[in-house]
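Architecture at a glance
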Amino acid sequence: MERAWWKESVVYQIYPRSFCDSDGDGVGDLPGILSKLDYIRDLGVNVIWLSPVYRSPNDDNGYDISDYRDIMEEFGTMADFDALLEGIHERGMKLVMDLVVNHTSDEHAWFVDSRSSRDADKRDWYIWREAKNGGAPNNWGSSFSGPAWEWDEKTGMYYLHCFSKKQPDLNWDDPRVRDAVFDMMDWWCRKGIDGFRMDVISMISKPAGLPDLPLEPGQLYGNVCAPGGTCNGPHVHEYLREMNRRVLSRYDLLTVGETAGVTVEEARRYAAADGSELSMVFQFEHVGLDEGPGGKWSAGRLFLPDLKKNLAKWQRELEGRAWNSLFFCNHDQPRVVSRWGDDSPRSAKCIATALHLMQGTPYVYQGEELGMTNCPFGGIENYRDLETVNAYRELTETGLRQPEELLAVIARKSRDNARTPMQWDAGPNAGFTSGRPWIMVNPNYRTLNAAAQEKDPDSVLNWYRALIRLRRESPWRDAVVYNGFELLDEEDERIFAYLRPGESGTLLVACNFSPEPCRWAPPKRVLEAETRLLLANAGEPRLAESMTLEPWQAAVWAF
Ligand code: TEU
């Protein structure tokens, strides 16, 4: 398999709003990130993915961009950005920017022009349609509740917004849009950045004719993010190959597509080994496995064999043909230690081990390395995320859900669980800000924080450091990155175990995803080999024909 630096990388995702506030306005900023670069470097990661820092009215916390070539006022200035980029490069790390080009803010100059009149110069840079039967042009729903169409009184037409109404979708079928986006991307590459994470890039090519989508019973609108919605549209690969030809191929970049609705077949095209489109993609099948039949806001529970089989499918189906990304956490997902663990540090370490030793580029989301947990927000008034607040309003006002029952699901699944301030120390506001934080600080910061874990050899932080060292510095680094994958005991409902076979030796990973001791029988070929324990999050488990893995125990052997 061809080697590449982005295959051998570990990426740390920063949500700037919640990372570190340097000027006391209660919002994280670029100088705050600069002040924490040594902490990030000491984790062992070599790439930082920065969620959007461009000028934005913050309807969706920066994923609604009003100027791609300026910095959001609350985050600082372009000079602050340049200092941050320099600081990252000085420490031997790379910077991946978040590229949000499926849509802009409605305050972007392009949209201001487009909506000014039906024959405006940039009218076709967005997706405008006449009313149909006196209403919206089709049954599409916004990901943030309500219809995906907003009526514009001035020009008497609807515009499409798959997300909030302040996030109008760009019309990628207009070559002038592609020209403007590619020119902006090149401008950032010439500033010296090292890649892009591409927001909902699988949605940029809409299906011809914008047809209605199928509706499940009780569904108010068609789901634009579901397969068959706006994902993986007719020209998406054509546009990405054009982007690659005109921009990406001219630089040495890590590019990762956030490809809602992607299948393994589609991923083999988006992340093809021939480098014709992107380096890798984020798939979302695994983080949908604990949803009930009603989607995100329905109470479901993870059945571990489903997770194991899904991850094994992606390992098997991409191997040698495309490259995988490995994540459980990001700014849109609840904290995995609460979601699939029991909030204990050992469960955080166990889950991380299972993820980090598969084939693919691992992504660590800020605070995940500390085992940060979901936050007890309580009432809906304490939430800030428009996806959560809009869903609560729509589902309760239509009578589809009861407030208390829905709040219980929101507490588990809201994106705000990942957006509480980074917990640096036990001081006021967890050391995040000297001001009033824009969102609630998780009250467990007094004991769960980076300062407390820095010196604790058994901390979650030092476990992530060990995992990342194994992948990036140890004699086994090539095995971790490039070896194959073979799932073991796929029906076992508590043990997540797999092999990483390769010419330079094989790794065995065994994780007890449960709070009870669990009997386990390693494969015979392991017992016949001379094995070496590389890592264990508890004790020194000895391989035996029938052995017990302690609650949330995870271990890695080589042979
Ligand atoms: O997310 C795309 C997306 O599908 C989200 O709706 C996400 O899957 C969902 O919230 C999970 O419940 C991207 C960004 O990551 C997200 O933060 C933005 O809000 C969204 O696009 C619009 O830019």
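The structure contained in this document is the topic of the report that follows. (Residues numbered from 1 in each chain as written. Predicted model: local features only at pLDDT ≥ 70, side-chain atom pairs only at ≥ 80, totals over all residues. Heavy atoms only, no water.)

Turning our eyes to something else, we now look at empty space enclosed by the protein. Across all of its chains, the model carries 2 cavities of 30 Å³ or more by this definition. Here the largest cavity defines a volume of roughly 70 Å³. Lining the largest cavity, in full, are Gln 283, His 286, Leu 311, Trp 314, Gln 315, Asn 324, Ser 325, Leu 326, Phe 327, Leu 355 and Met 358. For the lining of the largest cavity, the elements supplying multiple residues, two or more each, are helix H8 (304-318) and strand E16 (325-326). Ranked by residues supplied to the lining of the largest cavity, first place goes to H8 with 3 residues. Residue composition of the lining of the largest cavity, by class: 6 nonpolar, 5 polar and no charged. Empty space within the second largest cavity amounts to approximately 60 Å³. Every residue lining the second largest cavity is listed: Cys 329, Arg 335, Val 336, Val 337, Ala 348, Ile 351, Glu 368, Gly 371, Met 372 and Tyr 464. (1 Å grid on protein atoms, 1.4 Å probe; cavity = no way out; pocket = protein on both sides within 12 Å on 5 of 7 lines; lining within 4 Å. Points joined across faces, edges and corners; volume = space filled by probe spheres on them. Helix = DSSP H or I, 4+ residues; strand = E, 2+ residues; numbered from the N terminus. Nonpolar A, V, L, I, M, F, W, Y, C, P; charged D, E, K, R; others polar.)

Moving on: the site of the ligand. If you check the shell around the ligand, you find 17 residues, and the closest are Asp 60, Asp 199, Lys 296, Asp 332 and Arg 415. Here His 331 contributes a side-chain N or O atom positioned 2.9 Å from an oxygen atom of the ligand. Bound to the protein, the ligand loses 92% of the 500 Å² it would expose on its own. A breakdown of the residues in the shell around the ligand according to their chemical character gives 5 nonpolar, 3 polar and 9 charged. (Near = heavy atom within 4 Å. Polar contact = N/O pair within 3.5 Å; in protein donor to acceptor, adjacent residues only side chain to side chain. Areas by Shrake-Rupley, 256 points an atom, 1.4 Å probe, with all protein chains shown as cover.)

Turning our attention to the sheet that holds strand E2 (residues 47-50). In spatial order, the strands read E13-E12-E10-E5-E2-E1-E17-E16; together these 8 strands make up an open sheet with parallel pairing. The sheet is open, and its two borders are formed by strand E13 (280-282) and E16, each paired with just one other strand. As paired elements, strand E5 (residues 94-99) and strand E10 (residues 195-198) share 4 bridges and run parallel to each other. Across the sheet, the residue bridging to Val 96 is Gly 195, located in E10. Lying on the sheet, helix H3 (residues 78-90) is in contact with E2 and E5; it crosses E5 at an angle near 135°. Against the sheet, helix H5 (residues 175-190) engages E5 and E10, with an angle of about 140° to E10. (Pairing = 2+ DSSP bridges. Contact = heavy atoms within 4.5 Å. Axes fitted to C-alpha atoms, helices over the stretch in contact; angles between N-to-C directions.)

Okay, the pattern of salt bridges next. Evaluation of the coordinates by the stated rule reveals 44 salt bridges. Note that Lys 313 and Glu 285 form a salt bridge whose closest N and O atoms lie 2.7 Å from each other. Taken together, the residues Lys 313 in helix H8 and Glu 285 in the loop between E13 and strand E14 (291-292) connect sequence positions 28 residues apart. Overall, Glu 285 belongs to the partly exposed group, its relative accessible area being 26%. (Salt bridge = Lys/Arg side-chain N within 4 Å of Asp/Glu carboxyl O. Buried < 20%, exposed > 50% of the residue type's maximum accessible area, 1.4 Å probe, protein only.)

A separate point is helix H12 (residues 403-413). Since the α-helix turns once every 3.6 residues, residues separated by three or four places project in the same direction. Taken as a whole, H12 has its buried residues at Leu 406, Leu 407, Val 409, Ile 410 and Lys 413. Around the axis of H12, the buried residues are gathered within 165° of arc, so they sit on the same side. Packed against the buried residues of H12 are E14, strand E15 (295-299), helix H9 (336-339) and helix H11 (386-397). (Arc of directions from axis to C-beta.)

Here we come to helix H6 (residues 236-246). Val 236, His 237, Tyr 239, Leu 240, Glu 242, Met 243 and Asn 244 are the residues of H6 that are buried. As for H6, its buried residues are in contact with E5, H5, E10 and helix H7 (264-270).

Our next topic: the packing of H5 against H6. In contact at an axis separation of 10 Å, H5 and H6 are set at 40° when each is read in the N-to-C sense. One finds that H5 runs oblique with respect to H6. For the element pair H5 and H6, the recorded crossing hand is right-handed. Contacts between H5 and H6 pair Arg 178, Asp 179, Phe 182 and Met 185 from the former with Tyr 239, Glu 242, Met 243 and Arg 246 from the latter. For the contact of H5 with H6, the per-class residue count stands at 4 nonpolar, no polar and 4 charged. (Parallel < 35°, antiparallel > 145°, perpendicular 65-115°, else oblique. Left-handed = near helix turned anticlockwise from the far one by under 90°.)

Membership of the largest hydrophobic core comes to 156 residues, with the highest contact counts inside it found for Met 185 and Phe 196. Leave out the neighbours within four places in its chain, and Phe 196 touches Val 96, Met 97, Leu 99, Met 185, Trp 188, Cys 189, Leu 248, Leu 253, Leu 254, Thr 255 and Val 256. With 17 residues, the next largest nonpolar core counts Trp 140, Cys 162, Phe 163 and Leu 386 among its residues. (Core = buried A, V, L, I, M, F, W, Y, C linked by side-chain atoms within 4.5 Å.)

So, about the packing of H11 against H12. Where H11 contacts H12, the two axes come as close as 10 Å, and the packing angle between them is 155°. What the angle tells us is that H11 and H12 run roughly antiparallel. In this structure, H11 meets H12 at a crossing whose hand is right-handed. On the side of H11, the interface is formed by Thr 388, Ala 391, Tyr 392, Leu 395 and Thr 396, while H12 contributes Pro 403, Leu 406, Leu 407 and Ile 410. Each residue belonging to the contact of H11 with H12 can be placed in one class, and the counts come to 7 nonpolar, 2 polar and no charged.

All right, on to unusual backbone geometry then. Residues other than glycine seldom take positive phi values, yet Asn 133 does so here, at roughly 50°. Here Asn 133 is to be found in the loop between strand E6 (128-129) and strand E7 (140-141). At Asp 489, a position not held by glycine, the phi torsion is positive, near 45°. Taking relative accessible area as the criterion, Asp 489 reaches 35% and is therefore assigned partly exposed.

Side chains Val 47 and Trp 49 project from E2 onto one buried face, and the interleaved Ile 48 and Leu 50 project onto a second face that is buried too. Note that strand E1 (residues 11-14) and E2 share 4 bridges and pair parallel. In the sheet register, Val 11 faces E2, and the bridge partner there is Val 47. Pairing geometry for E2 and E5, over 4 bridges, is parallel. Counterpart to Leu 50 in the pairing with E5 is Met 97.

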